[in-house]
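# Secondary and tertiary structure notes
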Amino acid sequence: MDLPLAVECKGLTKDYSHFKLQGVDLSFEQGAVMGLVGPNGAGKSTILRLVMGLLGPDAGSIRVLGHAMPDEQIAAKRNIGFISDDMRLYESETIAFHMDFIKSIFDTWDADYADILLRRFDLHKHQKVKGLSHGQRVKATLLLALARRPRLLVFDEPTTGLDPAVRKEVLDEMMNALADETRSILFSSHNTLDIEQISDYITFIYGGRIIESRNKEDFMDGWRRLRLTNMQSKPLPNLPNIKDIQQSGHLCAVTVNEYDESVPAQFNSAGQVITAIERLSLEEIFLANVKCAKAMTMMEFIQ
Ligand SMILES: Nc1ncnc2c1ncn2[C@@H]1O[C@H](COP(=O)(O)OP(=O)(O)OP(=O)(O)O)[C@@H](O)[C@H]1O
């Protein structure tokens with residue numbers, strides 16, 4: 001029997017006074033990692049809160065592991081581990097207290113795995129929360145979520161404020177949690193390296209809208225930077241997929257998406273000499289997407 005999708009959002013809309021999440025479609029299958037990337041205020045946390053049933057949408061539908069949200073959130077949440085910055089542990093209690101507390105609620109608690117995570121994360125279970133550093137708090141929260149063995153992990157900015165070593169530990173453990181092929185992760189991050197490293201799918205959000213959502217290989221493969229020399233100052237071909245142009249004298253760097261073999265041919269036909277065609281990192285794609293989306297928003301505003 002086919003498993004239900006890990007997350008299936010259709011036409012999600014949420015209207016705040018100064019912000020609107022518009023027509024968000026977002027789906028991925030169990031066993032996959034979906035990374036949400038976008039600038040501050042793009043709507044990433046709002047989407048995660050909708051997925052968790054912490055907010056109700058104004059329009060659209062959400063199913064998580066086959067459960068309609070928010071109506072069936074109690075059933076869904078037995079199988080979801082959620083971590084966000086605004087989650088609070090009891091300051092005057094120990095990590096062990098929290099472990100016992102979660103264990104008393106969730107019969108899926110895996111005590112052996114919890115002990116392994118304590119050692120891996122170098123945490124002391126009798127230490128009180130108020131004495132933990134930021135990185136130790138993130139690791140303790142991750143431990144509490146992972147040791148429940150949820151089918152879906154939802155993380156809002158899991159690596160913000162972590163040093164590179166702790167960041168790696170957290171990412172490694174997120175990946176370890178996927179060893180079973182039906183476990184899934186939905187997470188947001190400003191850190192494009194994290195997204196690039198562990199995601200199967202990437203969704204880019206800007207101004208409450210999805211700009212691109214596809215599997216990582218297609219996402220990364222669709223973007224190129226063409227370096228051109230244009231001694232006779234001929235106009236560039238008029239292509240809708242040109243996303244950025246940097247001109248310096250006769251040298252020009254053109255960033256395109258939806259790249260295929262026909263693109264260089266069109267530049268050649270327009271009399272441009274291509275000196276290099278480069279792939280972009282996710283960081284560069286992020287910056288090009290933001291620049292382009294900002295320009296589009298300005299155009300809509302002016303019209
Ligand atoms: N409860 C609320 N009431 C009014 N506006 C809100 C509310 N929650 C979020 N917003 C607005 O929605 C927009 C998107 O916020 P959201 O937290 O989803 O963005 P984000 O992409 O997660 O940003 P960041 O990367 O800075 O965390 C922001 O403009 C924010 O001010």
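Residues numbered from 1 in each chain as written. Predicted model: local features only at pLDDT ≥ 70, side-chain atom pairs only at ≥ 80, totals over all residues. Heavy atoms only, no water.

So, on to the UniProt feature "domain: ABC transporter" (unreviewed entry) in the protein chain. Sites flagged by UniProt as "domain: ABC transporter" (unreviewed entry) map to residues 5-232. In this annotation, residues 5-232 is assigned 32% helix and 29% strand; the end-to-end C-alpha distance for the span is 54 Å. (UniProt positions renumbered as here; feature names shortened; annotations may be inferred. Helix = DSSP H or I, 4+ residues; strand = E, 2+ residues; numbered from the N terminus.)

Turning our eyes to something else, we now look at the side chain of Q272. Relative to the helices and strands, Q272 is located in the loop between α9 (262-269) and β14 (273-279). Q272 sits in the buried class, given a relative accessible area of 3%. A distance of 3.2 Å separates a polar atom in the side chain of Q272 from the backbone oxygen of P235. Sequence-distant contacts of Q272, defined by excluding residues within four places in its chain, comprise L228, T229, N230, K234, P235, L236 and F267. (Buried < 20%, exposed > 50% of the residue type's maximum accessible area, 1.4 Å probe, protein only. Polar contact = N/O pair within 3.5 Å; in protein donor to acceptor, adjacent residues only side chain to side chain. Contact = heavy atoms within 4.5 Å.)

Another point: the layout of surface pockets. Looking at the largest pocket, its volume works out to about 470 Å³. F82, M87, I102, F106 and R148 are, among the 19 residues lining the largest pocket, the residues nearest its centre. (1 Å grid on protein atoms, 1.4 Å probe; cavity = no way out; pocket = protein on both sides within 12 Å on 5 of 7 lines; lining within 4 Å. Points joined across faces, edges and corners; volume = space filled by probe spheres on them.)

Before going further, it helps to examine the site of the ligand. Around the ligand, the surrounding shell consists of Y16, F19, P39, N40, G41, A42, G43, K44, S45, T46, E157 and H190. Measuring from an oxygen atom of the ligand, one finds a backbone N or O atom of G43 at 2.9 Å. Compared with its free state, where it exposes 630 Å², the ligand has 61% of that area covered by protein. Residue contributions to the shell around the ligand peak at 3 residues, all from helix α1 (residues 44-51). Residues belonging to the shell around the ligand are distributed by class as follows: 4 nonpolar, 6 polar and 2 charged. (Near = heavy atom within 4 Å. Areas by Shrake-Rupley, 256 points an atom, 1.4 Å probe, with all protein chains shown as cover. Nonpolar A, V, L, I, M, F, W, Y, C, P; charged D, E, K, R; others polar.)

Here the focus is the pattern of salt bridges. In total, this model carries 14 salt bridges according to the counting rule given. With a closest N to O distance of 3.0 Å, D110 and R149 form a salt bridge. With D110 in the loop between α3 (95-105) and α4 (111-120) and R149 in the loop between α5 (134-146) and β7 (152-156), this pair connects stretches of sequence that are 39 residues apart. Take R149: its relative accessible area is 31%, and that puts it in the partly exposed class. Across the pair R167 and D194 runs a salt bridge whose closest N-O atoms are separated by 2.8 Å. Here R167 is found in helix α6 (residues 164-176), whereas its partner D194 is found in helix α7 (residues 192-198), with 27 residues between them in sequence. The residues R167 and D194 share a single accessibility class, namely buried. (Salt bridge = Lys/Arg side-chain N within 4 Å of Asp/Glu carboxyl O.)

Let us look at the domain arrangement of the protein chain. Domain annotation of the protein chain identifies domain 1 (7-219) and domain 2 (223-302). In this complex, domain 1 contributes 14 residues to the contact, which on the side of domain 2 involves 13 residues. When domain 1 packs against domain 2, the two sides together hide about 1,200 Å² of surface, and 60% of this comes from carbon and sulfur. On inspection of domain 1 and its partner domain 2, the count reaches 1 salt bridge. Considering each element in turn, the side of domain 1 that touches domain 2 owes the most residues, 4 residues, to strand β10 (residues 209-215). Looking at the side of domain 1 that touches domain 2 residue by residue, the classes come out as 8 nonpolar, 2 polar and 4 charged. (Domains from an automatic or database assignment. Buried area = accessible area lost by both parts, 1.4 Å probe.)

Let's shift gears to α3. When α3 is considered as a whole, its buried residues turn out to be I95, A96, H98, M99 and I102. Buried residues of α3, viewed axially, fall in a sector of 160 degrees; they line one side. Taken together, the buried residues of α3 touch α4 and α5. (Arc of directions from axis to C-beta.)

Attention now moves to α6. An ideal rise of 1.5 Å per residue puts 18 Å on 13 residues; α6 measures up with 18 Å between its terminal C-alpha atoms. The N-cap residue of α6 is D163: its side-chain oxygen and the backbone nitrogen of A165 are 2.8 Å apart. (Expected span 1.5 Å × (residues − 1).)

The geometry of an aromatic ring pair is captured by the separation of the ring centres together with the interplanar angle, meaning the angle of the planes. Throughout the structure, instances matching the rule amount to 3 aromatic pairs. Their ring planes at 85 degrees and their centres at 6.0 Å tell us that Y90 and F97 sit as a pair that is edge-to-face. Accessibility expressed as a relative area gives 48% for Y90, which makes it partly exposed. Judged by relative accessible area, which is 31%, F97 ranks as partly exposed. Taking 6.3 Å as the distance between ring centres and 0 degrees as the angle between the ring planes, the aromatic pair formed by F97 and F101 counts as stacked. (Phe/Tyr/Trp six-rings, centres within 6.5 Å; stacked < 30°, edge-to-face > 60°.)

Now for the environment of G41. You can see G41 is positioned in the loop between β3 (33-37) and α1. With 165 residues separating them along the chain, G41 and Y206 place their C-alpha atoms 8.2 Å apart.

One open sheet holds the 4 strands; their spatial order is β2-β1-β4-β5, and the pairing between them is antiparallel. Sheet topology places β2 (19-28) and β5 (67-69) at the edges, where each strand pairs with a single neighbour. Shown here is a sheet whose adjacent strand axes are inclined to one another by a mean of 30 degrees, direction ignored. Judged from the 7 bridges that link them, strand β1 (residues 7-16) and β2 form a sheet pairing that is antiparallel. (Pairing = 2+ DSSP bridges. Axes fitted to C-alpha atoms, helices over the stretch in contact; angles between N-to-C directions.)

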